[in-house]
Amino acid sequence: MNKFEQVRAEKLEKIAALGIDPWGSRFDDRQPIGQVRELAPEAGESTTRVRTAGRVMSKRDSGKACFFDIADHTGRIQVLTGKKQLGDAWPILDLTDLWDLVGVEGTIGRTRTGEVTIFADKVIFLTKTIAHPPDKHHGAQDVEILLRHRYIDMIQSPEVVRRFQDRSKILSTIRQYLTGQGFTEVETPTMQAIPGGAAARPFITHHNALDIDLYLRIAPELYLKRCLVGGMEKVFEIARVFRNEGIDATHNPEFTMMELYEAYGDYNRMMEITEGIVVGAMKSLGLPMQIKYGETDLDFTPPWRRATYDELLREHAGVGMDDTDGVFAEAKKRGIETLGKDADVVVSELFEATVEDALVGPIFVIDYPATLCPLTKRKTTNPRVAERFELFVAGMELANAYTELNDPILQEELFTKQLSGQKEEDSMAKMDREFILALKHGMPPAGGLGIGIDRLVMLLTGSTTIRDVIIFPLMRPKPVGALGLDEEGEGEETPTPSE
RNA sequence: GAGGACGUAGCUCAGUCGGUAGAGCAUCGGACUUUUAAUCCGUUGGUCGAGGGUUCAAGUCCCUCCGUCCUCACCA
């Protein structure tokens, strides 16, 4: 405990000595501060009584009077009280520090300078804050402090709380939209013996009683399709998935993916649903169809542009995807390694290099080279092309959907086929015999869709990094030392992982 | 994984050419019943991220390590 904490801890004792519980208790019939503010008259003091609670954000002591500001997630308000008004309760104010939690009761009004103020005759101590708070004007600015101790970020920046409330609203809107369309929400295994359904490196863990290694899922896809086999014709899951890869402004090791499957649908139907979900989410936040993301102007008025993979590759790279010689030549020209790589792997790399960053969107890129899509149904008119789309917005891949492959014989074949030039962990093709067996029982033709929830929330809340929309992003563990929280001598260090 | 930047009091930040470690806020003590970055007087506070090196002397220069951020690569 550092010197600041000792001072506050001593006050704790003094509060208790006054017969007051420094940790507070139930506090009923409280109005949120935002509501209390609305009751303020144009000027002067009203007779309207209010009762509210919040965190002390600033304090201006003036002898026998005291002004302090309290804040909750709905707003901030000034409180004025005095020795005469509080009587026996007056000494508690001396023991009240910044970031303590208090309840107040009094009349609502304005001071002569026009500031909305609660003229309090009761101050109820609710909770002592032992830690020393950051600078009351600048707040903590260090990104590391804000991320490691997100509650500090939330306390000092109401917009942070609002952003996560927006995230919650987007999620509930998606649930409402889908259940309204007859979808059933299911929860499939997070720990899986074979981590399939996407191309990504998994996290590995171990179950002691069964003595088996398990993987944290990289996608819920293969289980949701089993639900289709079982007759759940419309299912979805808002799935936390885990990918053991790099961390940057658009990637966190765990993130949230919405996946849905609709029997007897196809990828065209998935485009309609995607538009419905995104537009619905925007409306729930009160956003117009034209928004700005960073410097980019986006128009979400449906229907959104649909362009084929081949068409876009011709537009931006000047070659068609079936023109193997042209694709190799163009790739080499752009410094892409082509030696020993499958033609479609090169096509894909050329596409990523030339097209993806140029896509402002929203735009559905449709009809991908089939070899890159082992879980997707091929076009009956052209088996080289898979019925898949990806939705791009502002250079981000926001959604991915297929007409689902339901042919178990072809599926088994595709699971065994690794493309040259592609590492196994970079491939979606991982043999899962249990899944093949499920397909053998007859999965209806279906459309499937995945939407990256974090990226959608980024887009709709104007956040440029994923850390702004993941409430506790992964950070490398560190001994608690910042903010004076470090225990002297018996420093309880976070164990470092073995190398 | 590669490159770059940063790390100084609880917080926000200065710190010149290598020459006694600073300010504001917060804390603590005092004055004040309409302040609002309250004011006024006084006070306390440092392993300069960690370790090593150069030097008479290192916050400052060099090396290693740790952490965070940015760019690139991978990925959604």
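To be clear, the structure that these remarks concern was listed above.
Below is a short write-up of the structure. (Residues numbered from 1 in each chain as written. Chains lettered and ligands numbered in written order. Predicted model: local features only at pLDDT ≥ 70, side-chain atom pairs only at ≥ 80, totals over all residues. Heavy atoms only, no water.)

## What about the sheet that holds strand S2 (residues 65-72)?
Move 1: Strands sit in the order S1-S2-S3-S5-S4 around a closed barrel of five strands; the barrel is mixed. Adjacent strand axes in the sheet meet at a mean angle of 55°, parallel and antiparallel pairs treated alike.
Move 2: Both S2 and strand S3 (residues 75-82) contribute to a ladder of eight bridges, which runs antiparallel. Its bridge partner lying in S3, Phe68 is registered against Val79. (Pairing = 2+ DSSP bridges. Helix = DSSP H or I, 4+ residues; strand = E, 2+ residues; numbered from the N terminus. Axes fitted to C-alpha atoms, helices over the stretch in contact; angles between N-to-C directions.)

## Focus on helix H9 (residues 267-284)
Move 1: Between its terminal C-alpha atoms H9 stretches 25 Å, which fits the 26 Å expected from 18 residues at 1.5 Å a residue.
Move 2: Counting buried positions over the 18 residues of H9 gives 13, a clear majority of the element.
Move 3: Where H9 begins, the side chain of Asp266 points an oxygen toward the backbone nitrogen of Asn268, at a separation of 3.0 Å.
Move 4: One or two steps after H9, the chain reaches Gly286, where phi turns positive at roughly 75°. (Expected span 1.5 Å × (residues − 1). Buried < 20%, exposed > 50% of the residue type's maximum accessible area, 1.4 Å probe, protein only. Polar contact = N/O pair within 3.5 Å; in protein donor to acceptor, adjacent residues only side chain to side chain.)

## Considering the protein's contact with RNA strand B
Move 1: For RNA strand B, the set of nearby residues contains 48 residues, the closest of which are Lys3, Thr113, His251, Arg455 and Arg476.
Move 2: Protein-proximal atoms of RNA strand B, defined as those within 4 Å of the protein, fall in sugar or phosphate at a share of 61%.
Move 3: In this structure, Arg467 approaches RNA strand B through a side-chain N or O atom, which is 3.2 Å from a phosphate oxygen.
Move 4: Put simply, the parts of the chain that give the surface near RNA strand B at least two residues each are helix H1 (3-17), strand S1 (45-62), S2, S3 and helix H5 (143-148).
Move 5: With four residues, H1 is the single largest residue contributor to the surface near RNA strand B.
Move 6: Each residue belonging to the surface near RNA strand B can be placed in one class, and the counts come to 13 nonpolar, 13 polar and 22 charged. (Near = heavy atom within 4 Å. Nonpolar A, V, L, I, M, F, W, Y, C, P; charged D, E, K, R; others polar.)

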